[in-house]
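# Per-entry structural report
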Amino acid sequence: MVEHLQHYGVITSKKVSEVMETIDRACFVPDGTPPYVDSPMAIGYNATISAPHMHATCLQLLEENLKPGMHALDIGSGTGYLTACFALMVGPQGRAVGVEHIPELVASSIQNIEKSAAAPLLKEGSLSVHVGDGRKGWPEFAPYDAIHVGAAAPEIPQALIDQLKPGGRMVIPVGNIFQDLKVVDKNQDGSLSVWSETSVRYVPLTSRDAQLRGW
Ligand code: SAH
């Protein structure tokens with residue numbers, strides 16, 4: 001799968017291909033779901049695991065902000081796949097934090113991570129996954145060098161901007177039906193530079209009730 005993504009020019013970074021080979025997607029998809037198909041897959045609760053090419057794109061956009069020792073926040077962590085990749089990249093001296101509002105998904109993501117190469121980081125505590133409303137971020141380990149949002153927000157939540165470190169980068173899908181994957185760089189003076197990487201289709205960043213009702 002990783003070779004395929006390299007062949008089609010989606011993965012150009014050696015680091016990202018190494019991480020995606022080390023964190024096996026098979027540990028993260030529900031039983032009976034094909035792990036290495038480049039498509040999003042249902043994981044229950046009206047949520048999906050993102051397609052591998054989206055995981056690769058987000059990891060590459062955030063690569064410079066996922067160096068050893070850095071802090072990373074994964075909002076809407078779902079299966080925990082990207083949180084595990086972040087944890088591997090920032091290493092035991094860093095911090096990778098997942099926030100997901102469906103408690104059952106948090107519980108299953110922890111089981112997924114325990115099966116994966118990121119298990120020791122979960123055990124040591126540099127990787128953690130929490131039940132919470134991701135629109136509020138996770139102030140405990142702020143400020144973050146990297147913030148990834150795995151669900152589409154109508155606008156960029158202020159709490160996430162506040163929790164981004166100067167020099168930090170956030171990747172967040174913004175919009176309703178038509179969405180752009182926005183890259184938000186916080187400059188050293190606190191101002192923001194925002195650009196759109198590509199058009200995307202993510203599930204909404206919303207309340208738990210709205211999601212379980214099917215929006
Ligand atoms: N990156 C994840 C994507 C999961 S889909 C993966 O590849 O596995 C998006 C996730 O965002 C869903 O699990 C959904 O439950 C979650 N979500 C939506 N709104 C949220 C909110 N307000 N707070 C936290 N999680 C949220």
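Here goes a summary of the coordinates provided. Each chain carries its own residue numbering, running from 1 in the direction its sequence is written. Confidence filtering applies because this is a predicted model: local features only for residues at pLDDT of at least 70, side-chain atom pairs given and counted only at 80 or more, and all residues used for totals across whole chains, interfaces and linings. Side-chain calculation: all heavy atoms of the structure are included, whereas hydrogens and water are not.

## Thoughts on the sheet that holds strand β4 (residues 95-100)
Filter applied, for reference: In short, DSSP must find at least two bridges between two strands for them to pair. To qualify as a helix, a DSSP run of H or I must reach at least 4 residues; to qualify as a strand, a run of E must reach at least 2; elements of each kind are numbered from the N terminus. To get an axis, fit a line to the C-alpha atoms, keeping to the stretch in contact for a helix; angles then go from 0 to 180 degrees between the N-to-C directions.
Taken in spatial order, the seven strands line up as β5-β4-β3-β6-β7-β8-β9 in an open sheet, and their pairing is mixed. Edge positions in the sheet fall to β5 (127-131) and β9 (192-200), since each of these pairs with one other strand and no more. Taking the axes of each pair of neighbouring strands and ignoring which way they run, one obtains an average angle of 15° across the sheet. In terms of strand pairing, β4 meets β5 through five bridges, oriented parallel.

## Considering the pattern of salt bridges
Defined as follows: Criterion for a salt bridge: a side-chain nitrogen of Lys or Arg within 4 Å of a carboxyl oxygen of Asp or Glu. Throughout, exposure labels follow a simple rule: accessible area from a 1.4 Å probe, protein chains only, divided by the maximum for the residue type, with under 20% read as buried, over 50% as exposed, and the rest as partly exposed.
Across all of its chains, the model carries five salt bridges by this definition. Between Glu18 and Lys14 there is a salt bridge whose closest N-O contact spans 3.1 Å. Of this pair, Glu18 and Lys14 both sit in helix α2 (residues 14-22), four residues apart, roughly one helical turn. When its relative accessible area of 63% is taken as the criterion, Lys14 is described as exposed. For Lys67, the salt bridge identified is with Glu64, shortest N-O distance 3.3 Å.

## Examining the packing of aromatic side chains
To describe a pair of aromatic rings, one takes the distance between the centres and the angle between the planes. To be explicit about the condition: Pairing of aromatic rings covers Phe, Tyr and Trp, the last through its six-membered ring, and needs centres within 6.5 Å; plane angles under 30 degrees mean stacked, over 60 mean edge-to-face, and all others mean tilted. In this analysis the charged atom, NZ for Lys or CZ for Arg, is taken to sit over a ring once it is within 6 Å of the ring centre and within 35 degrees of the ring normal.
On inspection of all chains with the given rule, the structure shows one aromatic pair. Ring plane angle 85° and centroid distance 5.3 Å describe the contact between Phe28 and Tyr81, whose orientation is recorded as edge-to-face. Here Phe28 is found in the loop between α2 and β1 (41-44), whereas its partner Tyr81 is found in helix α4 (residues 81-90), with 53 residues between them in sequence. Phe28 gets classed as buried once you look at its relative accessible area, which sits at 1%. Sitting over the face of the ring of Phe141, Arg95 holds its NZ or CZ atom 3.8 Å from the ring centroid.

## Observations regarding the packing of helix α3 (residues 52-62) against α4
Defined as follows: Crossing handedness is read from the near helix: turned anticlockwise from the far helix by less than a right angle, it gives a left-handed crossing, and turned clockwise, a right-handed one. We call two residues in contact when some of their heavy atoms are within 4.5 Å. Amino acids are sorted into nonpolar (Ala, Val, Leu, Ile, Met, Phe, Trp, Tyr, Cys and Pro), charged (Asp, Glu, Lys and Arg) and polar (every other residue, Gly among them).
In contact at an axis separation of 11 Å, α3 and α4 are set at 35° when each is read in the N-to-C sense. The handedness of the crossing between α3 and α4 is right-handed. Only Tyr81, Leu82, Cys85, Phe86 and Met89 of α4 make contact with α3, whose side of the interface consists of His55, Cys58, Leu59 and Leu62. Looking at the contact of α3 with α4 residue by residue, the classes come out as eight nonpolar, one polar and no charged.

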